[in-house]
Amino acid sequence: MQIWFWAGCAILIFFEPAVADEPSEKEPVKKEAQAPKPPPKPILPAGKPGEQVKALIKECDEAVAAFRKKFEAAKSDEEQEKLFELMPDREAYAALIVDVADRNPKDPAAFDGLIWAVRNSSRPPKRTDTPFARAKAALIRDHLDNPGIGRLCMTLRHEFCDPGAKEIAEMILAKHSDKCVQSQASFSLALLLHARAMEAEYLNKLESKQLESLEKTYGKEAIAGIRMGDKAAQKRRAEELLEKITEDKGYAAATVERGDKKLTLGDLAQRQLFEWRELQPGKPVPEIAGEDIDGKSLKLSDYKGQVVLLDFWGHW
Amino acid sequence: MYPHERSLVEKFHGKPFVILGINSDPNREIVKTVSVKEKLTWRSFWDGGSTDGPIASQWNVTGWPTVYLIDHKGLIVRRIGMSKEDDNLIEEKVQEAEKAGKK
């Protein structure tokens, strides 16, 4: 479903930046039967910085929504594949927005634009010239005091191979006293620390050839940083950070958007702790009792004595 | 995914092995249609018609498919995928279950 849709887009953006094309806004609309043409490259609109940022975000979001609608309506995989050529070039929009923000660091609209850019552009490792890396750097340089900066942490919470992600979370945690920002930075830092500890275990089992290949992708220092981390201490701190979120009402009430829903960090922290503590190798499996697709009752414990492959699935 | 699961069901036919789904589709009709079309013979929990269902939420599942292997004693072995190594692990656990069953 949407998760795979976005993953697909991210991969495509990464490997195949949309081809530059002549802007052709006034061209008459052609019949659908003709070969699909990639959307025109975005152009910086006239206006004040805030208006420029808003217009670019609106244009791109609308184009993506329209593309998504078509994509979901496509009847076959082949049809979907063909549609990828029509995907709006979010990288190009993000680059324009970062340009505006760089020129106008004091403008509050720059902050919203930069957050949009880090959330909507691809994240190739090690690069410093991508819209993502530039937006991240600008947020830290010009907007660290912004009360919305916790959103940057949330965006980076799975980037455990990026040493900057952890540092940013630490920095924001130390600088802001607002509970919502504290909660967002804590949540992100917890996930990053835990993932780094798990990754260290994995990396230390690899043969040198596999390790070299990862060093090439992510950078020697980034990999060394993960391998040298104190695994037990990182896991312990990760749990403590999440515990605080579940215990403090102000922290727990902070929200995060997932698709079109809003979830509280209190709930998310609790689920994450449950996974870390209970869903681990050697732990007794928690009972699942409910009903099957036909409405008949079904219990996991009915299958004790058998090996069970517990498969969370959906047809998408 | 479906062909791999079907092959496991076939491979361990008559042995102490079962697939149990936890389904997050938006409606039951989709599941019924797919199950017939793809010959999915195993049962699935109905998780309320969304990816935010109670079971997936409790288990902190945010990516699909997510698959856990549970042994005959009801202990979590680990999360698995579809690699050869994972298939071998399933086989190993089924053999353990068979041995335990014969005692």
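For clarity, every value in this text was computed on a predicted model and none was experimentally measured.

Right, let's get into the overall build of chain A. When helices and strands are tallied, chain A shows 14 helices and 5 strands. A sequence separation of at least 24 residues applies to 60% of the contacts in chain A between residues at least 6 apart.

Our focus in this paragraph is the overall build of chain B. On a plain count of helices and strands, chain B comes out with 4 helices and 4 strands. Principal axes of the C-alpha set define a box for chain B whose edges measure 45 × 30 × 25 Å. The proportion of buried residues among the 103 residues of chain B is 31%. Relative to all contacts within chain B whose residues are 6 or more apart in sequence, the contacts with residues 24 or more apart total 43%.

Glancing now at the domain arrangement of chain A. Put simply, an interface is often sized by how much accessible area is lost when its parts join up. All names here are of chain A. By the assigned domains, chain A splits into domain 1 (37-142) and domain 2 (144-289). If you average the C-alpha positions of domain 1 and of domain 2, the two centres end up 26 Å apart. Taken residue by residue, the interface counts 9 residues in domain 1 and 14 residues in domain 2. For the side of domain 1 that touches domain 2, the elements supplying multiple residues, two or more each, are helix 5 (108-120) and helix 6 (131-142). Residue contributions to the side of domain 1 that touches domain 2 peak at 4 residues, all from helix 5. Looking at the side of domain 1 that touches domain 2, its residues break down into 6 nonpolar, no polar and 3 charged.

All names here are of chain A. In this structure, strand 1 (residues 255-258) lies alongside strand 2 (residues 261-264), joined through 4 bridges in antiparallel fashion. Directly across from Arg 258, in strand 2, lies its bridge partner Lys 261. Where strand 1 hands over to strand 2, the hairpin turn is made up of 2 residues, of which Gly 259 adopts a positive phi near 60°.

A few words now on the interface of chain B and chain A. Across the contact, 48 residues belong to chain B and 33 residues belong to chain A. Listing elements by their share of the side of chain B that touches chain A, those giving two or more residues are strand 1 (17-23), helix 2 (28-37), strand 2 (44-46), helix 3 (54-58), strand 3 (66-70), strand 4 (76-80) and helix 4 (84-102) of chain B. The dominant element in the side of chain B that touches chain A, judged by the number of residues it contributes, is strand 1 of chain B, at 7 residues. The pairing of strand 5 (residues 307-313) of chain A with strand 1 of chain B spans 7 bridges and is parallel. Paired with Trp 313 of chain A across the strands is Asn 23 of chain B, a residue of strand 1 of chain B.

Moving on, we get to the sheet that holds strand 2 of chain B. Read across the sheet, 5 strands follow the order 2(B)-1(B)-5(A)-3(B)-4(B) without closing on themselves; strand pairing throughout is mixed. Pairing within the sheet leaves two strands with one partner each, and these edge strands are strand 2 and strand 4 of chain B. The mean angle between the axes of side-by-side strands here comes to 20°, regardless of whether they run parallel or antiparallel.

A separate point is the packing of helix 4 (residues 90-103) of chain A against helix 5 of chain A. Residue and element names in this part refer to chain A. Closest axis-to-axis distance for the helix 4/helix 5 pair is 9 Å, and the angle between their directions is 150°. It follows that helix 4 is roughly antiparallel to helix 5 by the angle criterion. Taken as a pair, helix 4 and helix 5 cross one another with a handedness that is left-handed. On helix 5, the residues touching Arg 90, Ala 94, Ile 97, Val 98, Val 100 and Ala 101 of helix 4 are Ala 110, Gly 113, Leu 114, Trp 116, Ala 117 and Asn 120. Among the residues forming the contact of helix 4 with helix 5, the class breakdown is 9 nonpolar, 2 polar and 1 charged.

So, on to the packing of helix 9 (residues 179-203) of chain A against helix 11 (residues 220-228) of chain A. Residues and elements named next belong to chain A. As a packed pair, helix 9 and helix 11 sit with axes 8 Å apart at the nearest point and diverge in direction by 100°. Regarding the angle of helix 9 to helix 11, the classification is roughly perpendicular. Where helix 9 approaches helix 11, its residues Arg 196, Glu 199, Ala 200 and Leu 203 are matched on the opposing element by Ile 223, Ile 226 and Arg 227. For the contact of helix 9 with helix 11, the class distribution of residues is 4 nonpolar, no polar and 3 charged.

The biggest cluster of nonpolar side chains holds 53 residues, and the ones touching the most others in it are Ile 97, Leu 114 and Ala 135 of chain A. Counting residues per element, this core draws most heavily on helix 9 of chain A, which supplies 10 residues. Looking at which domains feed residues into this core, each of domain 1 (37-142) and domain 2 (144-289) of chain A gives three or more. Those residues in contact with Ile 97 of chain A that lie beyond four places of it in its chain are Val 53, Leu 56, Gly 113, Trp 116 and Ala 117 of chain A. Core analysis: the second largest hydrophobic core is formed by 26 residues, Leu 300 and Val 308 of chain A together with Leu 8 and Ile 70 of chain B among them.

The rules behind these values
Residues numbered from 1 in each chain as written. Chains lettered and ligands numbered in written order. Predicted model: local features only at pLDDT ≥ 70, side-chain atom pairs only at ≥ 80, totals over all residues. Helix = DSSP H or I, 4+ residues; strand = E, 2+ residues; numbered from the N terminus. Contact = placed C-beta atoms within 7 Å. Buried ≥ 20, exposed ≤ 12 C-beta atoms within 10 Å, placed from the backbone. Domains from an automatic or database assignment. Nonpolar A, V, L, I, M, F, W, Y, C, P; charged D, E, K, R; others polar. Pairing = 2+ DSSP bridges. Axes fitted to C-alpha atoms, helices over the stretch in contact; angles between N-to-C directions. Parallel < 35°, antiparallel > 145°, perpendicular 65-115°, else oblique. Left-handed = near helix turned anticlockwise from the far one by under 90°. Core = buried A, V, L, I, M, F, W, Y, C linked by C-beta atoms within 7 Å.

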